[in-house]
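Residues per chain, in single letters:
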Amino acid sequence: MRKLPVAEAIGETLCHDMTAIRQDGFKGVAFKRGHVIRAEDVPVLLSMGKAHIFVWDPAADEIHEDEAGLAGANALAGAGIKISGPAEGRYSLTAAHDGLFTINRPALRALNAVPDYTAATLPTPTPVQAGKRVAGVRIVPLVTACKNVKTVEALGVAQGSILSVRPYLPLKVGIVITGSEVFEGLIQDRFEPVLRDKIAPFGGEILGVTKCPDDLPAIGQAAEAFLTQGADLICFTGGMSVDPDDLTPTAIRETGAKVVTQGMPIQPGNMTMLAYLGETALLGLPGAVMHHKTTAFDVILPRIFVGDKLTQEDFADCGEGGLCRGCDTCTYPTCYFGR
């Protein structure tokens, strides 16, 4: 780029957007990249504090912020990501569909280590809706060295995709409500409507709801019936504490499922249990799911619906960020909880 006094720049072409901040509250682009400066623009530019402007020097070994930013956006954007921009050198990345926003964290770190590049994102993993902005990328100066752009382009090729929005799968879900007091009609079940509301956004097909007494064979038969129907996920509610008469964890084990965890470092929902019988996920859900707006169930469910098969290591990482603050107005998933 070449730097020129504004008074000597009439007829020259701006190589970047120029932002104005006015006393009436306006903040935005006053002159767009590519604008040819006219005599009447000079006092406006001076009032913006611009005594000099920069014009493009095509001979320099530099890449303009728009082209450099686009290279960064292309390197970042994987499946389920749309790119828009530039606006003042910045590209926005948005979700193309509902799903779980996921980051290749080492690759994102590597991109942000390239001189002049900055990419800011939502945390991983975050459930997002179509059109939700998930990231922004730009270079800080108006230009950057060609070698920096080439590094970012190579990083994108090597990593495949750094950011993605993974779509939810149309899973078949069975619900087993345990508890003799519910089965016998002594109290009204409150789990079913909660689970239906939480499963609906992911497009899950609920195969049915079976109420069982506190009886191991009955709970096992209910699970087997849903497995026969091809359930991808079975949710067991109630009886999840450590009391001897709470049978749900035992019933899950007696299906032959491999237990990933009984209890996890997420509060509320500490006593949540996860096991797998083949490819079918079995979730034991404590009473906290009824009594709290957001629990461990909300953290786990999106990952199950994108097809993740969770491990003990996944839950060991949940302690940091695993404590819900119990805000008066719940904003999950825009808060830190579960990440």
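What you are looking at is a predicted structure, and each value in this text was computed from that prediction instead of being measured. (Residues numbered from 1 in each chain as written. Predicted model: local features only at pLDDT ≥ 70, side-chain atom pairs only at ≥ 80, totals over all residues. Heavy atoms only, no water.)

A few points about the overall build of the protein chain
This is how it is decided: The secondary structure listing takes helices from DSSP runs of H or I that are at least 4 residues long and strands from runs of E that are at least 2 residues long, numbered from the N terminus. All radius of gyration figures rest on C-alpha atoms, and the globule criterion is 2.2 Å times the number of residues raised to 0.38. Accessible area is worked out with a 1.4 Å probe on protein chains only. A residue is then buried under 20% of its type maximum, exposed over 50%, and partly exposed in between. Every residue pair with non-hydrogen atoms within 4.5 Å of one another is taken to be in contact. Per-residue and other accessible areas follow the Shrake-Rupley method at a 1.4 Å probe size, with only the shown protein chains counted as cover for residues. Charged residues are defined narrowly, with Lys and Arg counted positive, Asp and Glu counted negative, and His plus the chain ends left uncounted. To locate a charge, take NZ of a lysine, CZ of an arginine, CG of an aspartate or CD of a glutamate.
Helix and strand counts for the protein chain come out as 11 helices and 19 strands. Compactness check: the protein chain gives a C-alpha radius of gyration of 27 Å against a globular reference of 20 Å for 339 residues, more than 25% above the reference. Along the first, second and third principal axes, the C-alpha atoms of the protein chain reach 90 × 45 × 30 Å. Taking all 339 residues of the protein chain together, the buried fraction comes to 44%. If you take every contact in the protein chain between residues at least 6 apart in sequence, the share linking residues at least 24 apart comes to 66%. Accessible surface for the protein chain amounts to roughly 16,400 Å². Of this, 53% is attributable to carbon and sulfur atoms. A distance of 7 Å separates the average location of the 30 positive side-chain charges in the protein chain from that of its 38 negative side-chain charges.

What to know about the packing of helix α2 (residues 65–76) against helix α4 (residues 146–159)
The relative placement of two packed helices comes down to the angle between their axes together with the axis-to-axis distance. The criterion, for reference: Fitted lines through C-alpha atoms give the axes, limited to the stretch in contact for helices. The angle between two N-to-C directions lies from 0 to 180 degrees. Between 65 and 115 degrees an angle is taken as roughly perpendicular, under 35 as roughly parallel, over 145 as roughly antiparallel, and anywhere else as oblique. Crossing handedness is defined as follows: a turn of the near helix away from the far one that is anticlockwise and smaller than a right angle gives a left-handed crossing, while the clockwise case is right-handed. Throughout this entry, Asp, Glu, Lys and Arg are counted as charged residues, while Ala, Val, Leu, Ile, Met, Phe, Trp, Tyr, Cys and Pro are counted as nonpolar. The remaining residues, Gly among them, count as polar.
Contact geometry of α2 with α4 gives a least axis separation of 8 Å together with a crossing angle of 15°. Judged by the angle between their axes, α2 and α4 are roughly parallel. The way α2 lies across α4 gives a crossing that is left-handed. Contacts between α2 and α4 involve Ala68, Ala71, Gly72 and Ala75 on the former and, on the latter, Val149, Val152, Glu153 and Gly156. Tallied by class, the residues present in the contact of α2 with α4 amount to five nonpolar, two polar and one charged.

Here we look at the sheet that holds strand β17 (residues 258–262)
Note the threshold: Pairing between two strands is assigned when DSSP locates at least 2 bridges connecting them.
Pairing is mixed across the open sheet formed by six strands, whose spatial order is β15-β14-β16-β19-β18-β17. A strand with exactly one partner marks an edge of an open sheet, and here the two such strands are β15 (205–212) and β17. The sheet shows a mean angle of 15° between the axes of neighbouring strands, taken without regard to direction. Relative to strand β18 (residues 273–277), β17 runs antiparallel, the two being bridged by four bridges. Across the sheet, Gln262 pairs through a bridge with Met273, a residue of β18. Packed onto the sheet, helix α10 (residues 296–305) meets β14 (172–178), β16 (233–237) and β19 (280–285) and runs at close to 170° relative to β19.

Here's the deal with the sheet that holds strand β11 (residues 133–139)
The strand order across the open sheet built from four strands is β6-β7-β11-β9, with neighbouring strands paired in antiparallel fashion. Taken across any chain shown, the strands that pair with only one partner, and hence form the sheet edges, are β6 (81–87) and β9 (117–121). Averaged over all pairs of adjacent strands, the angle between strand axes in this sheet comes to 20°, irrespective of strand direction. As defined by bridge partners, β6 adjoins strand β7 (residues 90–95) across five bridges and the pair is classed as antiparallel. Its bridge partner being in β7, Ala87 is matched across the sheet by Arg90. Helix-sheet contacts for α2 involve β6, β7, β9 and β11, and the interaxial angle to β11 is about 140°.

Considerations on a negative patch on the surface
Using the following cut-off: A residue counts toward a patch only above 30% relative accessible area and without a salt bridge, and it is joined to like-charged neighbours within 9 Å or, for Val, Leu, Ile, Met, Phe, Trp and Tyr, to nonpolar neighbours within 5 Å. We define a salt bridge as a contact between a side-chain nitrogen of Lys or Arg and a carboxyl oxygen of Asp or Glu at a distance within 4 Å.
A cluster of acidic residues, Glu181, Glu184, Asp214 and Asp215, forms a negative patch at the surface. The topology assignment puts Glu181 in helix α5 (residues 180–183). A relative accessible area of 35% means that Glu181 is categorised as partly exposed.

Describing the packing of aromatic side chains
In plain terms, the rule: Only rings of Phe, Tyr and Trp enter the pairing, Trp through its six-membered ring, and a pair is recorded when the two centres are within 6.5 Å. The plane angle decides the type: under 30 degrees is stacked, over 60 is edge-to-face, the rest tilted. Sitting over a ring, as applied to charges here, requires NZ of Lys or CZ of Arg to be within 6 Å of the ring centre and within 35 degrees of the ring normal.
All chains considered together, the criterion is met by three aromatic pairs. Measuring from ring centre to ring centre gives 5.1 Å for Phe202 and Phe305, while their planes differ by 15°; the resulting arrangement is stacked. Placement of the pair is Phe202 in the loop between α6 (191–199) and β15 and Phe305 in helix α10, with a sequence separation of 103 residues. Measuring from ring centre to ring centre gives 6.0 Å for Tyr332 and Phe337, while their planes differ by 70°; the resulting arrangement is edge-to-face. As far as burial versus exposure is concerned, Tyr332 and Phe337 are alike and both buried. Connected via pairs of aromatic rings, a cluster forms that spans Tyr168, Phe202 and Phe305. Sitting over the ring of Tyr276, Lys309 keeps its end group 5.2 Å from the ring centre.

Brief notes about α6
Quick note on the threshold: The directions considered for the arc run from the helix axis to the C-beta atoms.
Those residues of α6 not exposed but buried are Phe191, Glu192, Leu195, Lys198 and Ile199. Viewed along the axis of α6, the buried residues span an arc of 135°, placing them on a single side of the element. Those residues of α6 that are buried lie in contact with β14, β15, β16, β19, α9 (288–291) and α10.

Things to note about helix α7 (residues 216–228)
Convention followed: Given the number of residues in a helix, its expected span is that number minus one, multiplied by 1.5 Å. Nitrogen and oxygen atoms within 3.5 Å of one another constitute a polar contact, given that in protein one can donate a hydrogen and the other can accept it, and given that sequence-neighbouring residues count only through two side-chain atoms.
The end-to-end C-alpha separation of α7 is 18 Å, in line with the 18 Å expected for 13 residues at 1.5 Å each. Listed as buried for α7 are Ala218, Ile219, Ala222, Ala223 and Phe226. Projected onto a plane normal to the axis of α7, the buried residues spread over an arc of 135° and lie on a single side. Every exposed residue of α7 that faces more than 90 degrees away from the buried side is listed here: Gln221 and Thr228. Turning to α7, the residues buried within the fold contact β14, β15, β16 and α8 (248–254). The opening residue of α7, the one whose side-chain oxygen lies 2.9 Å from the backbone nitrogen of Ala218, is Asp215. Among the residues trailing α7, Gly230 stands out with phi positive, at a value near 85°.

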